[in-house]
Amino acid sequence: MSESEIEFMLPVTEDAVRGFAEAVDEQDPYCTDPEAARLAGFPGALAPPTFNVTQIFQVPRDERESRLGANLNYARVLHGEQEFVYKRLPVAGEELKGVMRISKDFEKEGKRGGKMRFVTYESKFTDANGDEVLTAYYTLIETSKDAAS
């Protein structure tokens, strides 16, 4: 791990999976019923596809800013894009190791004038065996003017 990375753990508990499934109204029994998931050959309930969005809260914003050095002005930040690339879905009962870094940081001219800065945080998640589970990308856009104006 380099200085420009943050390592953290993402617990995939049965309660967290159940709560997230309820929050997003997930209907898939493999996500909502641990017994159905086990009967289908999975070791436990599958986390719904966007479950790992909770990872952004595992690393507080101040820590992300100070350790990764994006130095964003959050008064001018908009959520740009989110993308998940899966090898498999996380399973309730495991704990994933995440490594976060800034994978892109660039500027481009906005259509209404002024520059926009795009910063993409990348988090790679591996399981207890070190096998890749998924990679999450979270892009923020810093506008050149206050986002409220």
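Note: the structure precedes this text.
On a predicted model such as this, the values are computed, not experimentally measured, just so you know.

Reading the values: the criteria
- Residues numbered from 1 in each chain as written.
- Predicted model: local features only at pLDDT ≥ 70, side-chain atom pairs only at ≥ 80, totals over all residues.
- Heavy atoms only, no water.
- Helix = DSSP H or I, 4+ residues; strand = E, 2+ residues; numbered from the N terminus.
- Buried < 20%, exposed > 50% of the residue type's maximum accessible area, 1.4 Å probe, protein only.
- Arc of directions from axis to C-beta.
- Contact = heavy atoms within 4.5 Å.
- Phe/Tyr/Trp six-rings, centres within 6.5 Å; stacked < 30°, edge-to-face > 60°.
- Lys NZ or Arg CZ within 6 Å of the ring centre and 35° of its normal.
- Salt bridge = Lys/Arg side-chain N within 4 Å of Asp/Glu carboxyl O.
- Pairing = 2+ DSSP bridges.
- Axes fitted to C-alpha atoms, helices over the stretch in contact; angles between N-to-C directions.

K.L.:
Before we go on, may I ask you to explain the environment of Pro29 in this structure?
P.N.:
Residue position: Pro29 is located in helix H2 (residues 29–32). On the basis of relative accessibility, which here comes to 41%, the residue Pro29 falls in the partly exposed class. With 19 residues separating them in the primary sequence, Pro29 and Leu10 have C-alpha atoms 23 Å apart.

K.L.:
Any chance you could explain helix H1 (residues 14–23) here in plain terms?
P.N.:
Counting along an α-helix, one turn takes 3.6 residues, and residues three or four places apart therefore face a common direction. By the burial criterion, the buried members of H1 are Val17, Phe20 and Ala21. Within H1, the buried residues cover an arc of 100° as seen down the axis, which keeps them to one side. Opposite the buried face of H1, by more than 90 degrees, sit the exposed residues Asp15, Glu22 and Ala23. Taken together, the buried residues of H1 touch strand S1 (5–12) and H2. One or two residues past the end of H1 sits Asp25, with phi positive at roughly 55°.

K.L.:
Just checking my understanding: could you explain the packing of aromatic side chains for this structure?
P.N.:
The description of an aromatic ring pair uses the distance of the two centres, along with the angle that the planes make with each other. Applying the stated rule across the entire model yields five aromatic pairs. The interplanar angle of 85° and the centroid separation of 5.8 Å between the aromatic rings of Phe8 and Phe125 together place this pair among those described as edge-to-face. Taken together, the residues span a long stretch of sequence, with Phe8 in strand S1 and Phe125 in strand S4 (residues 115–126) at a distance of 117 residues. The side chain of Arg61 reaches across the aromatic face of Tyr74, ending 4.1 Å from its centre. Here Arg64 stacks its cationic end above the ring of Tyr121, 5.5 Å away from the centre of that ring.

K.L.:
Help me out: how do you make sense of the pattern of salt bridges in this one?
P.N.:
Two side chains with opposite charge may pair up if their charged atoms get near one another. Under the defined criterion, the tally for this structure stands at 12 salt bridges. For Lys97, the salt bridge goes to Glu7, with nearest N and O atoms at 3.8 Å. Of this pair, Lys97 sits in strand S3 (residues 94–109) while Glu7 sits in strand S1, placing them 90 residues apart in sequence. The class of Lys97 is partly exposed, set by a relative accessible area of 33%. For the salt bridge of Arg18 with Asp15, the shortest nitrogen-to-oxygen distance reads 2.8 Å.

K.L.:
I tried to follow the sheet that holds S1 on my own but got confused; where do I start?
P.N.:
In spatial order, the strands read S1-S3-S4-S5-S2; together these five strands make up an open sheet with antiparallel pairing. Looking along the sheet, the strands with just one partner apiece sit at the ends: S1 and strand S2 (77–86). Here the average twist between neighbouring strands, direction ignored, is 25°. In this structure, S1 lies alongside S3, joined through eight bridges in antiparallel fashion. Pairing of Leu10 across the sheet is with Leu96, part of S3.

K.L.:
How should I be thinking about the pairing of S3 in this particular structure?
P.N.:
Along any regular strand the residues' side chains alternate between the sheet's two faces. As paired elements, S3 and S4 share 12 bridges and run antiparallel to each other. By the bridge assignment for S4, Val99 is matched with Lys124. Following S3, the chain reverses through five residues before pairing antiparallel with S4; Gly113 in that reversal takes a positive phi of roughly 95°.

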